[in-house]
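# Overview (structure and organization)
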Amino acid sequence: MKKILLVLSTLMMALGSPLYAQDGAKEKKKGPVSMTERTIKRYEAVGLTDDQTAKIKELAAATETKLAAAKDKAALTDDQKKAQREAMEAAKTAGKKGKEMKDAVTAAVTLSDDQLAAKKEMKTIMGEFGKSVQGLLTDEQKAKLKESRPAKANPKAKPKATS
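These numbers come from a predicted model, not from an experiment. The residue numbers shown here count from 1 along each chain, following its written sequence. Since the coordinates come from a predicted model, pLDDT governs what is reported: local features require at least 70, and pairs of side-chain atoms require 80 or more to be given and counted, while whole-chain, interface and lining totals use all residues. In computing side-chain values, all of the structure's heavy atoms are included and hydrogens and water are not.

What counts as a helix is a DSSP run of H or I of at least four residues, what counts as a strand is a run of E of at least two, and both are numbered from the N terminus. Helix and strand content of the chain: seven helices and zero strands. Its helices and strands in sequence order give the chain the pattern α-α-α-α-α-α-α, from N to C terminus. Considering only contacts within the chain whose residues lie at least 6 apart along the sequence, 76% involve residues at least 24 apart. All accessibility values rest on the Shrake-Rupley procedure with a 1.4 Å probe; residue burial counts only the protein chains present in the view. For the chain, the computed accessible surface area is about 13500 Å², with 59% contributed by carbon and sulfur atoms. Residues count as neighbours in contact if any of their non-hydrogen atoms are within 4.5 Å of one another.

Moving on, we get to the nonpolar core. As used in this record, nonpolar core signifies buried Ala, Val, Leu, Ile, Met, Phe, Trp, Tyr and Cys residues forming a set joined through side-chain atoms within 4.5 Å. Only protein chains enter the calculation, and the probe is 1.4 Å; a residue is then buried if its accessible area is under 20% of its type maximum, exposed if over 50%, and partly exposed in between. Formed by 14 residues in total, the largest nonpolar core has its most connected members in Tyr43, Val46, Leu48 and Leu137. Among the elements that make up this core, the one with the highest residue count is helix α3 (residues 50–74) (four residues). When residues no more than four places from it in sequence are discounted, the contact partners of tyrosine 43 are Leu48, Val133, Gln134, Leu137, Leu145 and Arg149.

Moving on: the side chain of threonine 53. In this structure, threonine 53 sits in helix α3. Judged by relative accessible area, which is 17%, threonine 53 ranks as buried. Among all residues touching threonine 53, those that are not within four sequence positions of it are Ile40 and Leu48.

As for its position among the elements, threonine 39 is in helix α2 (residues 35–43). Apart from the residues lying within four places of it in its own chain, the contact partners of threonine 39 are Ile56, Phe129 and Val133.

Put into structure tokens, the structure is as follows:
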């Protein structure tokens, strides 16, 4: 009887361990990461100084406040959310992905002038934040940053003609 109990408990531990490990992996995921954390992580490869990190934290805090106000203005109505969900499902069913899906969903949701203005404001705020952070970097850090990022292909560039 003890042998059977020992075998069963061993079997349960062996089968239960992977399931427990999966649950643990899910717990590691946290909610949305703050703008400060994302920005510092993005620029950590260039070797930010303590002063730069502190200034980024200040800039991010101010920017998050401005963004929150703009997001409130750009919030979708219940009807717009419904149209967005339906368009997303239709696009998935049609096999659309990436930009094609985004364009289909965007076309299905008509935004008011206030919402469009708020989205434009959000884009401006983020652009100003990026420029401000870039302004904190030294020339060496900017060069390091440029080297560390993969080169983007220019879709507008014409292929060179070979002779």
